[in-house]
Amino acid sequence: QVQLVESGGGLLQAGDSLRLSCAASGRTFSSYAMGWFRQSPGKGREFVAAISRTGFSTAYAESVKGRFTISKDNAKNTVYLQMSSLKPEDTAVYYCAASSTAYIIQPLGTQIGAWGQGAQVTVSS
């Protein structure tokens, strides 16, 4: 199974931009659909964005649509989450997810086979 390691989290101010990276191990990264979820204190894990195996299809939560962009570089075994116009409510631990069975990860998070360890993003007002 693929192993995922996130990087790029940090402490920012409202309006800032940040890019999270998720590096995957293994030789079959191109066959994985990838996604990002986040969890704030006291809340459940919520869907943020997803990208299909080929990178041709993407999906976003309404709360981040137009501000966040997910991308996938199969040559580098890496998926990215470019975040802009950050808001305090974006504060959360962000998790990378992978699925070898889904064409694109659904918001409910079914068919996810691997999770990263999480990256903290804190946005102050």
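Computed from a predicted model, the values in this text were never measured in an experiment.

Colleague: Would you mind going over the overall build of the protein chain with me for this structure?
Modeller: Helix and strand counts for the protein chain come out as zero helices and eleven strands. Listed by position from the N terminus, the elements making up the protein chain come as β-β-β-β-β-β-β-β-β-β-β. Against the globule reference of 14 Å for 125 residues, the protein chain gives a C-alpha radius of gyration of 13 Å, in line with a compact fold. Summarising its shape, the C-alpha atoms of the protein chain cover approximately 40 × 25 × 25 Å along the three principal directions.

Colleague: Got a minute to help me understand the sheet that holds strand S3 (residues 18-24) in this structure?
Modeller: Within a sheet, neighbouring strands are paired by backbone hydrogen bonds and run either parallel or antiparallel to one another. The strand order across the open sheet built from four strands is S1-S3-S8-S7, with neighbouring strands paired in antiparallel fashion. The open sheet has two free edges, formed respectively by strand S1 (4-7) and strand S7 (68-73), since each of these has just one partner strand. Strand-to-strand twist of the sheet, defined as the mean angle between neighbouring strand axes without regard to direction, takes the value 15 degrees. One ladder, built from six bridges, connects S7 with strand S8 (residues 78-83); its direction is antiparallel. In the strand pairing of S8, aspartate 73 is matched with threonine 78.

Colleague: I keep staring at the state of the cysteines and nothing clicks. Help me out?
Modeller: Should the sulfur atoms of two cysteines be covalently bonded, the bond is a disulfide. Scanning the model with the defined rule gives one disulfide in all. The side chain of cysteine 22 participates in a disulfide bridge whose partner is cysteine 96; the two sulfur atoms lie 2.1 Å from each other. Between cysteine 22 and cysteine 96 the disulfide shows an S-S torsion of about -85 degrees. By sign, it is left-handed. Residue cysteine 22 is located in strand S3, and its partner cysteine 96 is located in strand S9 (residues 92-99); the two are separated by 74 residues in the primary sequence. Owing to a relative accessible area of 0%, cysteine 96 belongs among the buried residues under this scheme.

Colleague: Hey, could you run me through the packing of aromatic side chains in this one?
Modeller: Here a ring pair, both rings aromatic, is described through the centre-centre distance and the interplanar angle of the planes. By the definition in use, this model includes two aromatic pairs. Aromatic side chains phenylalanine 37 and phenylalanine 47 sit 5.6 Å apart centroid to centroid with 75 degrees between the ring planes, which places their arrangement in the edge-to-face category. Taken as a pair, phenylalanine 37 in strand S4 (residues 33-39) and phenylalanine 47 in strand S5 (residues 46-51) lie far apart in primary sequence, ten residues in all. Here phenylalanine 37 and tryptophan 115 contribute two aromatic rings whose centre-to-centre distance is 5.2 Å and whose plane-to-plane angle is 70 degrees, an arrangement assigned as edge-to-face.

Colleague: Teacher, can you tell me more about unusual backbone geometry here?
Modeller: For asparagine 77, which is not glycine, the phi torsion reads 55 degrees and is therefore positive. For asparagine 77, the location among the structural elements is in the loop between S7 and S8. Judged by its relative accessible area of 18%, asparagine 77 is buried. We note that serine 85 has phi near 50 degrees; this positive angle belongs to a residue other than glycine. Its place among the elements puts serine 85 in the loop between S8 and S9.

Colleague: I tried to follow the pairing of S5 on my own but got confused; where do I start?
Modeller: Along any regular strand the residues' side chains alternate between the sheet's two faces. Across the six residues of S5, five count as buried, placing the element largely inside the fold. In the sheet, S4 pairs with S5 via five bridges, with the strands oriented antiparallel. Residue pairing for S5: glycine 35 is matched across the bridge by alanine 50. Taking the residues that link successive antiparallel strands as the turn, the S4-S5 hairpin has six residues, and the phi of glycine 42 there is positive, at about 80 degrees. As judged from the three bridges shared by S5 and strand S6 (residues 58-60), these two strands associate in the antiparallel manner. Looking at the pairing, alanine 49 lines up with tyrosine 60 of S6.

Each value, and the rule that gives it
Residues numbered from 1 in each chain as written. Predicted model: local features only at pLDDT ≥ 70, side-chain atom pairs only at ≥ 80, totals over all residues. Heavy atoms only, no water. Helix = DSSP H or I, 4+ residues; strand = E, 2+ residues; numbered from the N terminus. Rg over C-alpha atoms; globule rule 2.2 N^0.38 Å. Pairing = 2+ DSSP bridges. Axes fitted to C-alpha atoms, helices over the stretch in contact; angles between N-to-C directions. Disulfide = S-S within 2.5 Å. Buried < 20%, exposed > 50% of the residue type's maximum accessible area, 1.4 Å probe, protein only. Phe/Tyr/Trp six-rings, centres within 6.5 Å; stacked < 30°, edge-to-face > 60°.

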